[in-house]
Protein chains: 2
Amino acid sequence: MSTLATEQVERLLSLREMVDECLASHLAAAREQGDGEVVDLAEHVLLSGGKRLRPLLVLLAYQAAGGKHPEDVLPLALAFELIHTATLVHDDMNDEADQRRGRTTVHLLAGSAKAIITGDWLFVQGFGLGGRYDEGVVSIMARSCSDIAVSEFLQLDHIDDLTTSPEDYLDIVRGKTAGPFAAGCQAAALVAGRSAEDAEHFRTFGEELGVAFQLVDDLLDLRGSPDMGKPRGVDVVEGKMTLPLIHALTLSHGAERERLATLLSSFKEADWPELMDLLHRSSSLEYAEVLVDLHLERAGAALQRVGAGPAVPLMLDMLREVGERTR
Amino acid sequence: MSTLATEQVERLLSLREMVDECLASHLAAAREQGDGEVVDLAEHVLLSGGKRLRPLLVLLAYQAAGGKHPEDVLPLALAFELIHTATLVHDDMNDEADQRRGRTTVHLLAGSAKAIITGDWLFVQGFGLGGRYDEGVVSIMARSCSDIAVSEFLQLDHIDDLTTSPEDYLDIVRGKTAGPFAAGCQAAALVAGRSAEDAEHFRTFGEELGVAFQLVDDLLDLRGSPDMGKPRGVDVVEGKMTLPLIHALTLSHGAERERLATLLSSFKEADWPELMDLLHRSSSLEYAEVLVDLHLERAGAALQRVGAGPAVPLMLDMLREVGERTR
């Protein structure tokens, strides 16, 4: 039940198709150059129906920033998707995941050694495209990628850590999810010729959207969703401390907190009803929903301050759509 | 027993010290920004007395190409070392190596997950610095890094493969060792303002030196060397097909080849005398030595064609020194 009008959905789909085609051509060119099996593995994970959220954001932010030549920002958009996919390949190894975007993960398909190198190759492709831009854009990209690594360390350190605070959580999310969204929008505005100050507002838009997006993902992990391409409760089983869990652990006490801690420490399928009941009692899902709205509002405010043109209402509707996914 | 004059040794040492200091400042700046443990792990492997061959080559090639402002090429030199170190961290995982540059490898120290991310972080640092240059330089770097990945796939496919041909070997070496040497020298010449055609000769210099360097490494793996920082026979034990082994397997036949194949398939410390005897009978070490000289000569010829200034004799002496290491 999309809140987007048909015309808008079509516009997004056609942008996404363009991104898919460009990614496919990039891989074809690499294959032409003789890159061989690494391209096959990269293709396996890259061309498997990703949402292309990061490149779409880059393209839309560029338009909202007044950019008139989408081909100028396209390599940047592709760079963000390639780097994102690189981190997915490496993440899946660290999470020992079996599936990604409905397909077997690269390390299960080809072994750890080739999966590490496939991730590296994807990183290189991303940086090769991103490196075409001037120093300001490159340093935004590099900073964003460093932040991803730093926040992945934080995340690893907080696996199964029931004392993780909301601040720890936000540090992780700001680096890992919101960081690339923020960097993509900021860099797109610079490529469109906007001032550093304006680009900061585009950055804020991306960052707030990214935090909201992660919170929605947290909620979907608990509630399940047919279009997620992954089963419900993956985060819970992996010991990833999502915000609803952190909130519930913080609020509850006594026997209830003890029970919640026990459930989370050795979670089984049969524990779902009890876990959901505990989360409802502390209003933790509702709390996360309120935060989603808050961050989406902030994102919208930042965008309306500096954005213009037909991309803006489309992006605002996308914000609404993100919020709707959790209801 | 260095063939370099004291003055030249001092010049190289002072260049290396400068590289070390710049790498240390780069890490300090990242630590300042709050990058935390990933910087500690990066430092553990980066500041542990590497030879800094790649950045030194970049600096010297720049000077030989007539560049007058070493600070212009310094980020490029550091980029090549950071990317090289990233590949070492990931390689060591794939090789299950315990030691690197005399220290515990990152994955043994901090686990696989953090080692993968530390490698990624080092890649990002390298590309962040390299991305400051214009598109020509960036695409040379990106191509070189893609080639590393492609040749690592080839290498994995040829582990324990006794039918590996000299051509397979050269494909692997050209991508993995010679490629970054070639790319560094070519890019340095471009940064110094030389034409694309001249830069190609610098590329040839780097590529030929790189092949020679790998052959020397192959020989040292068989003969051992006190200054290698790794024990003799690592390649043999790991099933890496080095050129002397490939040559011996190609030349020998009948019972002798069978014995050699058996030795290599399940190599033990006690097999050394017999292995060396078989290699001597096929003159395989001598063959590799001749190839070293051939590639060094070609490197020298390319350099003398386009290089000038005091860096040139220093680089030629370095070539001689590389050759001497195998004797």
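Quick caveat, the model's predicted, so the values are computed rather than measured.

### Brief notes about the overall build of chain A
Part 1 of the reasoning: Secondary structure assignment for chain A yields 15 helices and 2 strands.
Part 2 of the reasoning: The C-alpha radius of gyration computed for chain A amounts to 20 Å, which stays within 12% of the reference 20 Å derived for 327 residues, consistent with globular compactness.
Part 3 of the reasoning: Its C-alpha atoms put chain A at 60 × 45 × 35 Å along the principal axes.
Part 4 of the reasoning: Split into buried and exposed, the 327 residues of chain A put 51% on the buried side.

### Considering the relation of the copies chain A and chain B
Part 1 of the reasoning: After a rotation of 180° and a shift along the axis of 0.0 Å, chain A superposes on chain B with an RMSD of 0.0 Å. Such a combination of rotation and displacement between the chain copies is what one expects of a two-fold axis. Taking the C-alpha atom as reference, chain A places glycine 131 of chain A closest to the rotation axis, 2.2 Å from it.
Part 2 of the reasoning: Comparing interface residues between copies, 100% of those in chain A also sit at the interface in chain B, which points to an isologous, same-surface contact.

### Concerning the interface of chain A and chain B
Part 1 of the reasoning: Contact with chain A, which involves 32 residues of that partner, is made by 32 residues of chain B.
Part 2 of the reasoning: Listed by contribution, the elements that provide at least two residues to the side of chain A that touches chain B are helix 2 (37-46), helix 4 (70-94), helix 6 (112-130) and helix 7 (135-157) of chain A.
Part 3 of the reasoning: In the side of chain A that touches chain B, the residues fall into 17 nonpolar, 8 polar and 7 charged.

### A short note on the environment of phenylalanine 80 of chain A
All names here are of chain A.
Part 1 of the reasoning: Tracing the chain through its elements places phenylalanine 80 in helix 4.
Part 2 of the reasoning: Given 27 C-beta atoms within 10 Å, phenylalanine 80 falls into the buried group.
Part 3 of the reasoning: Taking the C-alpha atoms as reference points, phenylalanine 80 and phenylalanine 181, 101 residues apart in sequence, are found 9.0 Å from one another.
Part 4 of the reasoning: Setting aside residues up to four positions removed in sequence, phenylalanine 80 forms contacts with Arg54, Pro55, Val58, Pro180 and Gly184.

### Brief notes about the environment of alanine 302 of chain B
Residue and element names in this part refer to chain B.
Part 1 of the reasoning: Along the polypeptide, alanine 302 turns up in helix 14 (residues 284-306).
Part 2 of the reasoning: Its 21 C-beta neighbours within 10 Å are what place alanine 302 among the buried residues.
Part 3 of the reasoning: Distance in space between the C-alpha atoms of alanine 302 and aspartate 198 is 9.7 Å, their sequence separation being 104 residues.
Part 4 of the reasoning: Those residues in contact with alanine 302 that sit more than four places away from it in its chain are His201, Thr204, Phe205 and Glu208.

### With respect to the nonpolar core
Part 1 of the reasoning: Formed by 211 residues in total, the largest nonpolar core has its most connected members in Ala61, Leu76 and Ala188 of chain A together with Ala61 and Ala188 of chain B.
Part 2 of the reasoning: Taken together, domain 1 (1-132) and domain 2 (150-305) of chain B each give at least three residues to this core, which thus spans both.
Part 3 of the reasoning: With residues near it in sequence (within four places) discarded, leucine 76 of chain A still touches Val58, Gly130, Tyr133, Val137, Ala187, Ala188 and Val191 of chain A.

### Digging into the confidence of the model for chain A
All names here are of chain A.
Part 1 of the reasoning: Confidence along chain A averages 94 in pLDDT terms, with 97% of residues attaining 70 or more.
Part 2 of the reasoning: By mean pLDDT, helix 10 (residues 234-238) is the weakest element of chain A at 88, and helix 2 is the strongest at 98.
Part 3 of the reasoning: Model confidence for the complex is summarised by a pTM of 0.93, with the ipTM given as 0.91.

### What about the packing of helix 14 of chain B against helix 15 (residues 311-324) of chain B?
Residues and elements named next belong to chain B.
Part 1 of the reasoning: Taken N-terminus to C-terminus, the directions of helix 14 and helix 15 make an angle of 175°; their axes are 10 Å apart at the nearest point. Classed by the angle they form, the pair helix 14 and helix 15 counts as roughly antiparallel. Facing Val292, Asp293, Leu296, Ala299, Gly300 and Leu303 of helix 14, the residues of helix 15 in contact are Val312, Met315, Leu316, Leu319, Val322 and Gly323.
Part 2 of the reasoning: Considered class by class, the residues forming the contact of helix 14 with helix 15 number 9 nonpolar, 2 polar and 1 charged.

### A short note on the packing of helix 3 (residues 53-64) of chain B against helix 4 (residues 70-94) of chain B
Axis angle and axis distance: for two packed helices, these are the angle between their axes and the distance between the axes, and together they describe the pair.
Residue and element names in this part refer to chain B.
Part 1 of the reasoning: Running from amino to carboxyl end, helix 3 crosses helix 4 at an angle of 155°, the nearest separation of the two axes being 8 Å. Regarding the angle of helix 3 to helix 4, the classification is roughly antiparallel. Note that helix 3 runs across helix 4; the crossing there is right-handed. Across from Arg54, Pro55, Val58, Leu59 and Tyr62 in helix 3, the residues of helix 4 making contact are Pro70, Val73, Leu76, Ala77, Leu78, Phe80, Glu81 and His84.
Part 2 of the reasoning: Residues that form the contact of helix 3 with helix 4 fall into these classes: 10 nonpolar, 1 polar and 2 charged.

### Looking at unusual backbone geometry
Residue and element names in this part refer to chain A.
Part 1 of the reasoning: With a phi angle near 50°, glutamate 96 is a residue other than glycine that sits in the positive phi range.
Part 2 of the reasoning: Within the element layout of this structure, glutamate 96 appears in the loop between helix 4 and strand 1 (99-100).
Part 3 of the reasoning: Take glutamate 96: there are 11 C-beta atoms within 10 Å of it, and that puts it in the exposed class.
Part 4 of the reasoning: One non-glycine residue, serine 283, lies in the positive phi region at around 55°.
Part 5 of the reasoning: Within the secondary structure, serine 283 is located in the loop between helix 13 (272-281) and helix 14 (284-306).
Part 6 of the reasoning: Its 15 C-beta neighbours within 10 Å are what place serine 283 among the partly exposed residues.

### A short note on the environment of phenylalanine 205 of chain A
All names here are of chain A.
Part 1 of the reasoning: With respect to the helices and strands, phenylalanine 205 occurs in helix 9 (residues 196-223).
Part 2 of the reasoning: Placed 30 residues apart in sequence, phenylalanine 205 and glycine 175 show a C-alpha to C-alpha distance of 15 Å.
Part 3 of the reasoning: What phenylalanine 205 contacts, discounting residues up to four positions off in sequence, is Cys185, Ala299, Ala302 and Leu303.

### Section: helix 11 (residues 243-251) of chain B
All names here are of chain B.
Part 1 of the reasoning: Summarising burial for helix 11: 7 of the 9 residues are buried, a large majority.
Part 2 of the reasoning: Along helix 11, the positions that sit buried rather than exposed are Leu243, Pro244, Leu245, Ile246, His247, Ala248 and Leu249.
Part 3 of the reasoning: Residues of helix 11 that are buried sit in contact with helix 8 (166-191), helix 9 (196-223), helix 12 (254-265), helix 13 (272-281) and helix 14.

The rules behind these values
- Residues numbered from 1 in each chain as written.
- Chains lettered and ligands numbered in written order.
- Predicted model: local features only at pLDDT ≥ 70, side-chain atom pairs only at ≥ 80, totals over all residues.
- Helix = DSSP H or I, 4+ residues; strand = E, 2+ residues; numbered from the N terminus.
- Rg over C-alpha atoms; globule rule 2.2 N^0.38 Å.
- Buried ≥ 20, exposed ≤ 12 C-beta atoms within 10 Å, placed from the backbone.
- Least-squares fit on C-alpha atoms with pLDDT ≥ 70 in both.
- Contact = placed C-beta atoms within 7 Å.
- Nonpolar A, V, L, I, M, F, W, Y, C, P; charged D, E, K, R; others polar.
- Core = buried A, V, L, I, M, F, W, Y, C linked by C-beta atoms within 7 Å.
- Domains from an automatic or database assignment.
- pLDDT = per-residue confidence, 0-100.
- Axes fitted to C-alpha atoms, helices over the stretch in contact; angles between N-to-C directions.
- Parallel < 35°, antiparallel > 145°, perpendicular 65-115°, else oblique.
- Left-handed = near helix turned anticlockwise from the far one by under 90°.

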